[in-house]
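Reading the structure
Listed here are the chains, written in short residue letters.
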Amino acid sequence: AQSVAQPEDQVNVAEGNPLTVKCTYSVSGNPYLFWYVQYPNRGLQFLLKYITGDNLVKGSYGFEAEFNKSQTSFHLKKPSALVSDSALYFCAVRDVAGFQKLVFGTGTRLLVSP
Amino acid sequence: GAGVSQSPSNKVTEKGKDVELRCDPISGHTALYWYRQRLGQGLEFLIYFQGNSAPDKSGLPSDRFSAERTGESVSTLTIQRTQQEDSAVYLCASSPLTVHGYTFGSGTRLTVV
């Protein structure tokens, strides 16, 4: 079965510094990978996805993610963090057998300090 | 509509009561998903609809949970005889079949007291 792992419950970074939120995946076949962000008391918002092509994917709000097949990783990155980036981030993989059902990681809370 | 709409946004119910949660997907989206998010946890898949049929119900935690979808639009998630462990945010998402990934609603926060 497809799965993703987010090894960090929380990531702390100072505003202006680069940030990385880690995600590794386990799939059979080609992975379809996604990042979503959840702000307090809000639903999940789509950030970016990797389906095929360039390993560096650019998304909303200045975020990007790097697909690394050899390391089975899809880490989310941003060159310069903002306090407003503080939120809960979820990595997800499409379940090949599951009608496009997305399987989500447990989430990583990002705290950006002023 | 412009987005996925869920109602109510908040629901407090007594243990043992039945509740109905509603989801209005984006017009034209044939795929509809229900997820559950318990406090401090990730998203737990419940059920998937393709049109009005549900080919994947594998995530429904017990027979107290059921869902239906009519007219390839509105979906209702029903929880019978609610228990305290049912307390969570219930999220609905929809997608056109040709698009990877989907759009979420803001969720219904269910509290069973």
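Provided above is the structure to which this section pertains.
First, a word on scope: everything that follows refers to the structure included in this document. Remember, it's a predicted structure, so these values are computed and weren't measured experimentally. Within each chain, residue numbers correspond to sequence positions counted from 1 in written order. Whichever chain is written first becomes A and whichever ligand is written first becomes 1, with later ones labelled in order. Note on the predicted model: pLDDT of at least 70 is required for a residue's local features to be given, and 80 or more for side-chain atom pairs to be given and counted; whole-chain, interface and lining totals, by contrast, use all residues. For side-chain calculations, the full set of non-hydrogen atoms in the structure is used, while hydrogens and water are omitted.

**Some thoughts on the overall build of chain A**
- Looking only at helices and strands, chain A has zero helices and twelve strands in total.
- Taking 13 Å as the expected radius of gyration for a compact globule of 114 residues, we find that chain A reaches 13 Å, a close match to that expectation.
- Note on classification: 1.4 Å probe, protein chains only; a residue is buried when its accessible area is under 20% of the maximum for its type, exposed when over 50%, partly exposed between these limits. Among the 114 residues that make up chain A, the fraction classed as buried is 47%.
- The contact definition used throughout considers only heavy atoms, calling two residues in contact when any of these lie within 4.5 Å. For chain A, long-range pairs separated by at least 24 residues make up 54% of all intrachain contacts whose partners lie at least 6 apart in sequence.
- Looking at chain A as shown, the accessible area adds up to about 5,400 Å², and 50% of this sits on carbon and sulfur atoms. Secondary structure elements follow DSSP: runs of H or I of four or more residues count as helices, runs of E of two or more count as strands, with numbering from the N terminus. Note that the radius of gyration is over C-alpha atoms, with the globule rule given as 2.2 Å times the number of residues to the power 0.38. Computed with the Shrake-Rupley method and a 1.4 Å probe, the accessible areas treat only the protein chains shown as cover for residues.

**Brief notes about the packing of aromatic side chains**
- Aromatic contacts are taken between Phe, Tyr and Trp rings whose centres are within 6.5 Å, Trp giving its six-membered ring; a plane angle under 30 degrees counts as stacked, one over 60 as edge-to-face, and the others as tilted. Under the criterion given, the structure shown has 16 aromatic pairs over all chains.
- With centroids separated by 6.4 Å and ring planes inclined at 85°, the aromatic side chains of Phe90 of chain A and Phe104 of chain A adopt a geometry described as edge-to-face. Taken as a pair, Phe90 of chain A in strand 10 (residues 87–94) and Phe104 of chain A in strand 11 (residues 102–104) lie far apart in primary sequence, 14 residues in all. Neither residue differs from the other here; Phe90 of chain A and Phe104 of chain A are each classed as buried.
- Working rule: Lys NZ or Arg CZ, within 6 Å of ring centre, within 35 degrees of ring normal, means a charge sits over the ring. The ring of Phe45 of chain B is capped by Lys101 of chain A, whose NZ or CZ atom sits 4.4 Å from the centre of that ring.

**A look at the nonpolar core**
- Each nonpolar core is a collection of buried residues, namely Ala, Val, Leu, Ile, Met, Phe, Trp, Tyr and Cys, held together in the definition by side-chain atoms within 4.5 Å. Within the largest apolar cluster, 27 residues are counted, with the highest numbers of intra-cluster contacts made by Trp35, Leu47, Leu48, Phe74, Leu76 and Tyr89 of chain A.
- Those elements giving two or more residues to this core turn out to be strand 2 (10–14), strand 3 (19–21), strand 5 (33–38), strand 6 (44–50), strand 8 (64–68), strand 9 (73–78), strand 10 and strand 12 (108–113) of chain A.

**Brief notes about unusual backbone geometry**
- With an omega dihedral of -10°, the bond running from Ser7 of chain B to Pro8 of chain B counts as a cis peptide bond.
- Relative to the elements of secondary structure, Pro8 of chain B occurs in the loop between strand 1 (5–7) and strand 2 (10–13).
- We note that Thr72 of chain A has phi near 45°; this positive angle belongs to a residue other than glycine.
- Positionally, Thr72 of chain A belongs in the loop between strand 8 and strand 9.

**Points about the sheet that holds strand 1 of chain B**
Residues and elements named next belong to chain B.
- Strand order in this open sheet of four strands is 1-3-8-7, and the pairing throughout is antiparallel. Unpaired on one side and paired on the other, strand 1 and strand 7 (65–69) mark the two borders of the sheet. The sheet shows a mean angle of 15° between the axes of neighbouring strands, direction not considered.
- The criterion for strand pairing is that DSSP finds at least two bridges linking the strands in question. Across five bridges, strand 7 lies against strand 8 (residues 75–79) in antiparallel orientation. For Arg69, the partnering residue across the bridge sits in strand 8 and is Ser75. Between the N-to-C directions of two axes lies an angle of 0 to 180 degrees, each axis being a line fitted to C-alpha atoms and, for a helix, fitted only over the stretch in contact.

**Describing the interface of chain B and chain A**
- On the side of chain A, 20 residues touch chain B, which itself brings 21 residues to the contact.
- A pairing counts as a salt bridge when a side-chain nitrogen of Lys or Arg comes within 4 Å of a carboxyl oxygen of Asp or Glu. Taken together, the links from chain B to chain A amount to one salt bridge.
- Among the ionic pairs, Lys101 of chain A bridges to Asp56 of chain B, the shortest N-O distance being 3.4 Å.
- Pairing of N or O atoms within 3.5 Å defines a polar contact, subject to two protein rules: one partner must be a possible hydrogen donor and the other a possible acceptor, and residues neighboring in sequence count only if both atoms are side-chain atoms. Applying the counting rule to chain B against chain A returns five residue pairs in polar contact (both at pLDDT 80 or more).
- If you list the elements that add at least two residues to the side of chain B that touches chain A, you get strand 4 (31–37), strand 5 (43–50) and strand 6 (53–56) of chain B.
- Residues are grouped as follows: Ala, Val, Leu, Ile, Met, Phe, Trp, Tyr, Cys and Pro are nonpolar; Asp, Glu, Lys and Arg are charged; every other residue, Gly included, is polar. Among the residues forming the side of chain B that touches chain A, the class breakdown is eleven nonpolar, eight polar and two charged.

**What about the pattern of salt bridges?**
Residue and element names in this part refer to chain A.
- For the structure on display, the rule yields seven salt bridges over all chains.
- A salt bridge links Glu66 to Lys77, with the nearest nitrogen and oxygen atoms 3.3 Å apart. Remark: Lys77 occurs in strand 9 and Glu66 occurs in strand 8; sequence separation between them is eleven residues.

**What about the state of the cysteines?**
- Any cysteine sulfur atom paired with another within 2.5 Å is treated as part of a disulfide. Evaluated as defined, the whole model comprises two disulfides over all chains.
- Across a sulfur-sulfur distance of 2.0 Å, Cys23 of chain A and Cys91 of chain A are joined as a disulfide pair. Taking the torsion about the S-S bond as the criterion, the Cys23 of chain A to Cys91 of chain A disulfide, at about -65°, is left-handed. In this pair, Cys23 of chain A is assigned in the loop between strand 3 and strand 4 (24–26) and Cys91 of chain A in strand 10, connecting sequence segments 68 residues apart. Both residues of the pair, Cys23 of chain A and Cys91 of chain A, belong to the buried class.
- Between the sulfur atoms of Cys23 of chain B and its disulfide partner Cys92 of chain B the distance amounts to 1.9 Å. With the S-S dihedral at roughly -65°, the linkage between Cys23 of chain B and Cys92 of chain B falls on the left-handed side. With Cys23 of chain B in strand 3 (residues 19–24) and Cys92 of chain B in strand 9 (residues 88–95), this residue pair connects regions lying 69 residues apart in the sequence.
- Residue Cys92 of chain B is classed as buried on the basis of its relative accessible area, which comes to 0%.

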